[in-house]
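Descriptive structure summary
What follows is each chain in one-letter form.
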Amino acid sequence: MFGKLLNHTQKGQVVTLHYEKQTVYLHVLTDRIINVFVPFYTKEHRSKAIDGSKEQEVSFTLQEMTPSEGTSGSGYIMLTTPSLSCRIHDDFKLDFYGKDGTLLCADYRGSRSPRFILSESALELIRQEGHDVNMAGSTDYPVQCVKVLDKEDCIYGLGDKTGVLNKRHYEYENWNSDIPDPHEDSFKSLYKSIPFFITLKQKGVYGIFYDNTFKSYFNFGKENDGYYSFGSDSGNLDYYFIGGNTMPDIVAGYTYLTGRMPLPQKWTLGYHQSRWGYDSEETFRDIAGKLKSSRIPCDAIHFDIDYMERYKVFTWDTTRFADAKTLLSDFKKQGIKAVTIIDPGVKVEKDYPMYEEGIAADYYAKTPDGETYVNAVWPGDAVYPDFGNPAVRKWWGEHLRFYTELGVAGVWNDMNEPASFNGPLPDDVVFTDEDRPSSHAEIHNVYGHNMAKATYEGWKNLTGKRPFVITRACYSGSQKYATAWTGDNQSLWTHLRMAIPQQCNLGLSGMPFIGTDIGGFGADTTPELMARWVQVGCFSPLFRNHCAKGCMNQEPWLFGEEVLSIYRRYVELRYSLLPYFYDLCRVCEQTGLPVIRPLVLHYEDDTNVRNMNDEFLVGESLLVAPVVEQGATKRLVYLPKGIWYDYWTHREYQGGQYYIVDAPLDVCPIFVKAGAIIPKAPAQMYTDEISNPELILDVWPGDGSYVHYQDNGEDFAYRDGAYNEYLFENKGSNNLDIRKLHEGYTDYPEIKVNYIPGI
Ligand code: GLC
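The following paragraphs examine the structure supplied in this document. (Residues numbered from 1 in each chain as written. Predicted model: local features only at pLDDT ≥ 70, side-chain atom pairs only at ≥ 80, totals over all residues. Heavy atoms only, no water.)

**Things to note about the site of the ligand**
- Lining the immediate environment of the ligand, one finds 13 residues, of which Asp-304, Asp-414, Arg-472, Asp-488 and His-546 sit closest.
- Asp-414 is positioned such that a nitrogen or oxygen atom in its side chain is 3.0 Å from an oxygen atom of the ligand.
- Within the side chain of His-546, an N or O atom sits 2.9 Å from an oxygen atom of the ligand. (Near = heavy atom within 4 Å. Polar contact = N/O pair within 3.5 Å; in protein donor to acceptor, adjacent residues only side chain to side chain.)

**Remarks on the sheet that holds strand S4 (residues 33-38)**
- Spatial ordering of the open sheet is given by S1-S2-S3-S4-S18-S15-S14-S11, a layout of 8 strands whose pairing is antiparallel. With partners counted over all chains shown, the strands left at the sheet margins are strand S1 (5-11) and strand S11 (154-157), one partner each. Taking the axes of each pair of neighbouring strands and ignoring which way they run, one obtains an average angle of 20° across the sheet.
- Note that strand S14 (residues 196-200) and strand S15 (residues 205-210) share 5 bridges and pair antiparallel. Paired with Thr-199 across the two strands is Tyr-206, which belongs to S15.
- With respect to the sheet, helix H2 (residues 247-258) is in contact with S4, S11, S14, S15 and strand S18 (237-242), its orientation differing from that of S15 by roughly 25°.
- Sitting on the sheet, helix H10 (residues 493-508) is in contact with S11 and S14, with an inclination near 80° to S11. (Pairing = 2+ DSSP bridges. Helix = DSSP H or I, 4+ residues; strand = E, 2+ residues; numbered from the N terminus. Axes fitted to C-alpha atoms, helices over the stretch in contact; angles between N-to-C directions. Contact = heavy atoms within 4.5 Å.)

**Here's the deal with a nonpolar patch on the surface**
- Side chains of Met-1, Phe-40 and Tyr-41 sit close together on the surface and give an oily, nonpolar patch of about 270 Å² of accessible area.
- A relative accessible area of 43% places Met-1 in the partly exposed class. (Patch = residues over 30% accessible without salt bridge, like charges linked within 9 Å, V, L, I, M, F, W, Y side chains within 5 Å. Areas by Shrake-Rupley, 256 points an atom, 1.4 Å probe, with all protein chains shown as cover. Salt bridge = Lys/Arg side-chain N within 4 Å of Asp/Glu carboxyl O. Buried < 20%, exposed > 50% of the residue type's maximum accessible area, 1.4 Å probe, protein only.)

**A short note on the sheet that holds strand S42 (residues 677-680)**
- The 3 strands are arranged S42-S43-S47 in an open sheet whose pairing can be described as mixed. Bordering the open sheet on either side are S42 and strand S47 (751-755), each of which pairs with just one other strand. The average angle at which neighbouring strand axes cross in this sheet is 20°, direction not considered.
- Relative to the sheet, helix H13 (residues 578-591) contacts S42 and strand S43 (695-699), its axis offset from that of S42 by approximately 110°.

**Focus: the nonpolar core**
- With 186 residues, the main nonpolar core has Phe-209, Phe-303, Trp-396, Phe-539 and Val-618 as its most contacted residues.
- Examining the composition of this core, we find that 8 residues originate from one element, helix H12 (residues 560-576), more than from any other.
- In contact with Phe-539, other than residues within four places in its own chain, are Leu-573, Arg-574, Leu-577, Phe-581, Ile-596, Phe-616, Val-618, Val-624, Cys-668 and Ile-670. (Core = buried A, V, L, I, M, F, W, Y, C linked by side-chain atoms within 4.5 Å.)

**Brief notes about the packing of aromatic side chains**
- On inspection of all chains with the given rule, the structure shows 66 aromatic pairs.
- When the ring of Tyr-210 is compared with that of Phe-230, the centres are 5.0 Å apart and the planes differ by 55°; the resulting orientation is tilted. Of this pair, Tyr-210 sits in strand S15 while Phe-230 sits in strand S17 (residues 227-232), and the two are 20 residues apart along the sequence. Both residues of the pair, Tyr-210 and Phe-230, count as buried.
- Taking the relative accessible area as the measure of exposure, Phe-230 reaches 1% and is therefore buried.
- Here the basic side chain of Arg-544 rests over the ring of Trp-485, its NZ or CZ set 5.1 Å away from the ring centre. (Phe/Tyr/Trp six-rings, centres within 6.5 Å; stacked < 30°, edge-to-face > 60°. Lys NZ or Arg CZ within 6 Å of the ring centre and 35° of its normal.)

**Things to note about the pattern of salt bridges**
- Applying the stated criterion across every chain yields a total of 56 salt bridges.
- Two residues, Arg-472 and Asp-414, come together in a salt bridge whose shortest N-O distance is 3.1 Å. Here Arg-472 is found in the loop between strand S28 (469-471) and strand S29 (474-475), whereas its partner Asp-414 is found in the loop between strand S25 (410-413) and strand S26 (430-433), with 58 residues between them in sequence.
- Using a relative accessible area of 1% as the deciding quantity, one classes Arg-472 as buried.
- Between Lys-673 and Glu-620 there is a salt bridge, with its nearest N and O atoms 3.7 Å apart. A residue pair is termed long-range when its members are at least 10 positions apart, and Lys-673 in strand S41 (residues 670-673) and Glu-620 in the loop between strand S35 (616-618) and strand S36 (622-624) qualify at 53 residues.
- For Lys-673, a relative accessible area of 26% translates into the label partly exposed.
- Residue classification places Glu-620 among the partly exposed residues on the basis of a relative accessible area of 39%.
- Through salt bridges that share partners, Glu-44, Arg-46, Lys-48, Asp-433, Asp-435, Arg-436 and Glu-442 make up one connected network.

None of this, on its own, says anything about what the molecule does.
Rendered as structure tokens:
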């Protein structure tokens, strides 16, 4: 690729490699993370995902290995950190090794040989019947990297892609896309672009974060089982090799780089009710009333686009809502928060302040000729705020005052891929990248990310509270600003099934606060599907029932008594587990580990779980094996090594094997790891209905310890020490040791210990 390695120099922790045709930089950031940078496009990184320097002082060595010592017959440079090494060969071939000398990741040396190529004429023939054929193996991109794939390698991550957990043998693209058709396994992209993946080997594991915002491509052995590739249409070849001993180490490394989700407000972990189509004050009051009368605990109702006056953001329709402020304050008295949708598209309309102000200040994207670029979204003709410009982010953030003053508690950013109804935005639409002009081709995948950043920062300035921002489009690092949902799924069993690997992979990709539209957004749900969906959804950090205008309503009380009581049972289960979820968010802020986890994250040596698509862990202690098949009332469950207990019956199971368990419609099989200590809350209709409730500890048989976190659940005082941290140690035979690790907040009035006997 770049010819012979002529020489190298070192400055601090950056090694410059002078190849015949190209200069390449390796930056040792930590003992486990090395950045590989080929400046094809810009001299510096200009990362949107990574804030500030991530360099830690590392002592590493560089050794010139002579041909005789070299494995390939030619010499190479050996870069060694305390945890890994990289052999740097001619032609820009880099091979990464673990501390024990295991080869983890080698650049591919052979020639590309796609497994399946059809001639253009054959493809043309097939396309005549309307088939979308793309098997030609044309995967040679201007910027790319090809690496060896070993027989046992499994690949995880890559954000919100459809399909199965293990991405090996599949290909994907990163181009944030709003596609209303039912999301199929064959979709190459959805709303989010998270160019990070983890390769789990038979021995060893590593991660790669490819920090490039242009349209990018990932072919994980579909082209050829012996190699995988990642590349893009433009930009730099800028990737981070992340080493470690375990998968959690890799997630920690990736989130060290791109940031971790800040602790959310506690109420955001409650239940949210939504629907596109709630369009008047009466409807909203009716929904809130029915939630109460049906005894469904709830913390938030979402206001979709119909609250606005003709879909103009930063307006509230006063014909259908006599007094939004009073409505929201009445909701507040009932413990219900309002979350409003805010889309980026600003209606083109004379005298509409948001439009006029933005035009006057030059805040919207432009055509290459300098005209304001116009496309269309819900309000009709619309312009696109240029969120890559810091001044635009500030302006937008300040305008959020409109919402905070009305009493809105959270913001839902949608359509920020950005979506466009009049065809895609051309690549050359002019946007800003902080301090320089840029193009749609470069900015597209970070448009939603920048919008979420504007919202997060604006909201934080206005309220001082932890902002609750939901975004549909993301790039790596969006977890610092927003939670996300998986967009417009449908009321299909396949989509309920997909929710599991999709959320697991999002979690591995640094996005822990995620959820799916419970019941399905498009199409019409059935009573059974609804009952099964809430059994999965109650474990999603973002727990929201939402559906589309034009589809059957799907509030929980519309499916008969049986479904309502099942629904209530799982919403109540979630409310009882809120302290556990909140602890998991704290863990996430500290380590990057997600809330919902694939089993492989904690049992990576167990080959039974490497392709586990229908079970997941919540933290380390709960294993959920939901029913995701129509009509099923039993299911096969695999329990990894150790002892597990049925959450409902307390029956003991020996792990490392499969069981067939009963799962009638009202039962979602849940298993608790031996020794688990699960903090719980008393029953409430919303998160802080009881101020300072007691803590209930479910202590399961076996030895174990647990760190529990407690604070005001609202602002940033915890960063100044206003929190309590407890260590609970289960020493067996009903003997729980409770110690405070940190004291800085009001104590619980009582800690009730509930020793659960195994059966
Ligand atoms: C998009 C969103 C959906 C929302 C709708 C109307 O389709 O994904 O959640 O309800 O727009 O705003």
